[in-house]
Amino acid sequence: MCNDTGIQLIKDTWQKSTGVRMMRAAGRPKPEADAFNAAVPAETPDLAYYYDGTWEGWLCCVYESYTAKEIPGMIAVETEQGISVETSLFYAKRIVTRTDLAERVRKGIDDKIGKPFLHILERIFCSCISQKEEQMLLFARKGFRYGMQILNLRQDKVVNNVLKGLRDLGREIDKWYGFVRFSDVRGILVAVIGAKNNVLPFIASHFCDRFHNEHFMIYDQNHKMALVYKPGKCCVIPMEDFVISEISDEERKYRVLWKNYYAAIEINPRHNEVCRRTHMPKRYWDFLTEMTEQGDCISNYKGIK
Amino acid sequence: MDVLEKLKILADAAKYDAACTSSGLERKGSGFAMGSSRDFGICHSFAGDGRCISLLKVLLTNCCSFDCVYCVNRYSNQAKRAAFTPRELADLTWQFYRRNYIEGLFLSSAVWKSPDYTSEQMLKVLEILRYEYQFGGYIHVKVIPGTSALLVEKLGTLADRISVNIELPSSGSLEKLAPDKSKEKILLPMKQIQYKIQENRQGRGRFGGIQPVGKQAAKIQGAASSGNRYLLEDKESLNGLRCMEMADPYALKSVDGGQLQKPWKKGQMRFAPAGQSTQMIIGATPENDRQILRLTEGLYHQYQMKRVFYSAYIPVVEDNRLPSRETLPPLWREHRLYQADWLLRFYGFTASELLDEKNPQLHPYLDPKCHWALRHPDVFPVEVNRASFDELLRVPGIGTESAYRILRARKLALLDWDGLKNIGVVLKRARYFLLCKGRSYPFLSHDKNAFLLAMMSPKERALFARQERKWFQPSLFDNFSAETDCNKEGAEPMLTVPALDDAQKEALECVTIPVFS
Ligand code: SF4
């Protein structure tokens with residue numbers, strides 16, 4: 001039932017891109033699966049880029065990679081807390097984030113490859129594929145060389161990897177559409193989630209549309225970010241910590257009702273744990289009212305009118 | 001009785017209903033106080049039986065004045081009864097929705113006093129939600145056979161999907177098991193709904209009043225009268241529609257006559273924008289799969305259903321007109337029927353192609369497409385680089401996604417077996433039916449055991465190993481073996497159980513690992 005938005009995106013991209021491709025493909029080499037590796041400059045595996053972890057920062061890495069004609073073996077995030085991964089074996093290069101360069105690269109991708117490609121990169125940037133930055137860089141380089149048709153070349157490892165990441169992200173977004181559980185705290189809806197990919201920017205529009213008259217907040221405890229909304233205004237902000245402390249009687253009442261509904265709707269002779277786990281993996285359970293006890297289980301139920 | 005108690009009873013009574021989807025309708029939330037609808041459908045949770053929980057699925061009441069034999073709520077059954085007041089249910093929906101527990105409401109009911117009385121209560125719930133609360137979430141409402149046309153129309157205007165259960169696959173069974181319902185009472189609202197939806201789509205007046213004229217009328221007439229013997233004659237249904245025309249369609253007053261507080265904006269009012277669906281019980285009556293599929297096809301073509309749902313009969317009551325209480329619910333059959341249903345809807349198959357008089361039942365161990373392919377060796381093998389989209393879709397193991405990928409990939413370069421694998425086409429089954437650049441799959445094993453193993457999913461294999469094996473008559477595979485020039489003497493004993501243990505499976509998989517030059 002759930003449509004995979006990632007795949008959908010690619011499909012759309014394909015449809016939109018065909019026209020573009022026709023015009024641009026003329027000057028570009030036709031990709032053959034094996035011609036790929038020869039197409040990029042030799043990697044410099046002992047080189048590492050440090051950047052600040054922002055989207056603009058990554059765009060500057062792309063810029064650097066092109067101007068210096070090199071492909072770093074690693075791109076690491078450097079913040080005040082230190083460097084994200086162990087890089088002592090590498091010869092490091094700090095990439096300074098400059099908005100003008102970032103804008104230039106962004107525009108370059110938009111013009112030379114196409115907007116859908118840019119969107120894909122933006123999405124991938126929020127995903128959790130391993131060695132995200134390096135993979136993205138390789139992917140972008142291929143994009144510059146071959147244009148939009150690169151998306152059809154699943155034969156290629158990098159492309160396949162990126163598209164897979166995109167699909168995973170799409171799937172997780174779909175899951176969180178359903179699995180966010182709000183609690184009413186003095187009229188404000190609050191929810192805590194723990195996402196693998198950074199899904200908040202993508203689920204924002206859905207929730208802002210659906211609950212456009214409410215005040216709400218969704219806190220992602222893995223990324224330490226929160227989506228905060230009040231009518232007409234929505235933003236994603238960093239937030240160190242958050243727990244739902246107080247639960248009113250009213251709130252407890254609906255939790256109990258929901259748990260009981262959940263229990264009642266199962267057809268017991270058809271219990272199927274495997275099926276439930278595949279659709280609703282255990283890592284989501286902590287955030288689902290019906291799957292946690294949290295002291296308001298059915299036995300604690302009192303005084304519901 | 002408090003809300004919790006009611007919720008327990010009424011959710012429990014509604015749980016056998018199979019239809020719980022919220023897909024097929026995209027609507028922005030901006031016109032409403034709260035709520036939107038997404039066309040891909042959102043699952044909010046999964047119950048212990050693995051089914052998606054998307055809507056708050058409850059009965060308004062389980063007090064019933066009908067006596068359908070297969071149902072727990074029938075009046076002759078001893079059961080705890082409860083009823084929501086419309087306000088309680090509307091509040092519950094609203095609060096659940098606010099906490100993102102659900103996607104909307106699925107409202108069904110037993111027949112309380114009379115079909116019309118119950119429908120008025122249901123309408124009341126919808127009115128509170130839609131008019132008073134300005135609720136924009138998804139609402140699916142189930143129409144009770146025998147409800148008057150005006151009420152059906154009002155319900156349909158407020159709901160997103162509306163459905164009438166066809167209950168059982170033939171009118172004979174219906175008479176036997178559900179004496180208060182009749183084919184006519186079920187099909188009349190169905191026709192009315194289809195008709196309203198069509199009218200709506202064509203923008204002929206938002207809620208009706210307009211009689212079908214000229215071509216449109218002829219089309220409906222033609223569609224309804226051609227063919228399917230299970231379905232209602234068209235004349236009757238049109239009569240029903242005419243009485244409905246009499247009512248003033250703009251009289252959108254609430255049931256107790258008061259003026260509505262905030263009527264919807266006109267543009268929001270569409271008749272059941274997510275279409276109509278229906279459901280039937282499988283396994284309580286003797287109809288075979290062929291009859292069921294033909295009925296399904298008829299419902300899709302002539303009533304333009306969005307979905308037909310099947311629900312495996314779970315024996316809840318003892319009665320000599322029903323299978324005994326010990327019978328297991330025919331889950332596999334239900335699964336197969338859904339597969340076949342899928343083929344009807346998305347793969348361009350027809351019911352008569354899938355099953356004919358010689359094969360009136362779906363195969364228990366092979367999925368319907370596989371079974372079809374084995375009976376049509378003349379169609380295969382298919383050349384990957386030349387086959388049309390439709391031809392590719394008919395290859396077992398290739399779904400729409402794979403077919404798309406093939407089409408895309410072969411624009412750039414001819415596909416060979418290696419390429420086919422790289423683009424993510426699963427070849428376990430498909431390799432037996434495909435050619436790549438004129439070549440068949442390298443080192444393809446034509447051993448019958450290996451072949452059968454490839455055709456079955458692990459679950460089917462387990463099922464197969466458990467049950468008797470007499471179903472596999474050699475003749476079934478004769479066509480195919482003859483074509484592959486192998487195992488011509490189909491008389492040798494078929495699959496042996498040990499062939500299914502893990503070690504052998506692995507061994508078989510090794511045999512078919514492709515070696516590329
Ligand atoms: S009408 Fe029949 S199927 Fe419906 S609740 Fe009553 S007894 Fe059950």
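Note that the structure is predicted; figures quoted are calculated from it, not measured.

A.B. asks: Describe the overall build of chain B, listing the residues and the values that go with them.
C.D. replies: Broken down by element type, chain B carries 20 helices and ten strands. Within chain B, the proportion of its 517 residues that are buried is 58%. Put simply, of all contacts in chain B between residues at least 6 apart along the chain, 70% involve residues at least 24 apart. Only carbon and sulfur atoms are counted for the fraction: they give 52% of the accessible area of chain B, which is about 20900 Å².

A.B. asks: I'd like a description of the packing of helix H2 (residues 86–98) of chain B against helix H3 (residues 115–132) of chain B, backed by residues and values.
C.D. replies: Residues and elements named next belong to chain B. In contact at an axis separation of 9 Å, H2 and H3 are set at 45° when each is read in the N-to-C sense. Considered as vectors, H2 and H3 are oriented oblique to each other. The two elements H2 and H3 meet at a crossing, and its hand is right-handed. For the pair H2 and H3, contact is made by Pro-86, Arg-87, Leu-89, Ala-90 and Thr-93 and by Gln-121, Lys-124, Val-125, Ile-128, Leu-129 and Glu-132, respectively. Broken down by class, the residue content of the contact of H2 with H3 amounts to six nonpolar, two polar and three charged.

A.B. asks: Explain the nonpolar core residue by residue, including any values.
C.D. replies: Of all hydrophobic cores here, the largest spans 178 residues; its most connected members are Phe96(B) and Leu420(B). Residues in contact with Leu420(B), not counting those within four places in the same chain, are Val384(B), Ile406(B), Leu415(B), Val425(B), Leu427(B), Leu434(B) and Cys436(B). Membership of the second largest hydrophobic core comes to 39 residues, among which are Ala102(A), Tyr146(A), Val158(A) and Leu166(A).

A.B. asks: Before we move on, can you summarise the interface of chain A and chain B with the specific residues and values?
C.D. replies: Chain A puts 60 residues into the contact, and the matching count from chain B is 61 residues. Taken together, the two surfaces of chain A and chain B that pack against each other cover about 5700 Å², and 59% of this comes from carbon and sulfur. Inspection of the chain A/chain B interface yields four salt bridges. With a closest N to O distance of 3.0 Å, Arg98(B) and Glu214(A) form a salt bridge.

A.B. asks: Outline the confidence of the model for chain B, supporting the account with residue identities and numerical values.
C.D. replies: Residues and elements named next belong to chain B. Summarising the model, chain B shows a mean pLDDT of 75, and 75% of its residues fall at 70 or more. Taking the mean pLDDT of every element in chain B, the minimum, 35, falls on helix H20 (residues 502–511) and the maximum, 93, on H2. Every residue in residues 204–264 is under pLDDT 50, and counting partners more than four places away or in other chains gives 112 contacts. Across residues 468–517, confidence stays below pLDDT 50; counting only partners more than four residues off in sequence or on other chains, it has 72 contacts.

The rules behind the values
Residues numbered from 1 in each chain as written. Chains lettered and ligands numbered in written order. Predicted model: local features only at pLDDT ≥ 70, side-chain atom pairs only at ≥ 80, totals over all residues. Heavy atoms only, no water. Helix = DSSP H or I, 4+ residues; strand = E, 2+ residues; numbered from the N terminus. Buried < 20%, exposed > 50% of the residue type's maximum accessible area, 1.4 Å probe, protein only. Contact = heavy atoms within 4.5 Å. Areas by Shrake-Rupley, 256 points an atom, 1.4 Å probe, with all protein chains shown as cover. Axes fitted to C-alpha atoms, helices over the stretch in contact; angles between N-to-C directions. Parallel < 35°, antiparallel > 145°, perpendicular 65-115°, else oblique. Left-handed = near helix turned anticlockwise from the far one by under 90°. Nonpolar A, V, L, I, M, F, W, Y, C, P; charged D, E, K, R; others polar. Core = buried A, V, L, I, M, F, W, Y, C linked by side-chain atoms within 4.5 Å. Buried area = accessible area lost by both parts, 1.4 Å probe. Salt bridge = Lys/Arg side-chain N within 4 Å of Asp/Glu carboxyl O. pLDDT = per-residue confidence, 0-100.

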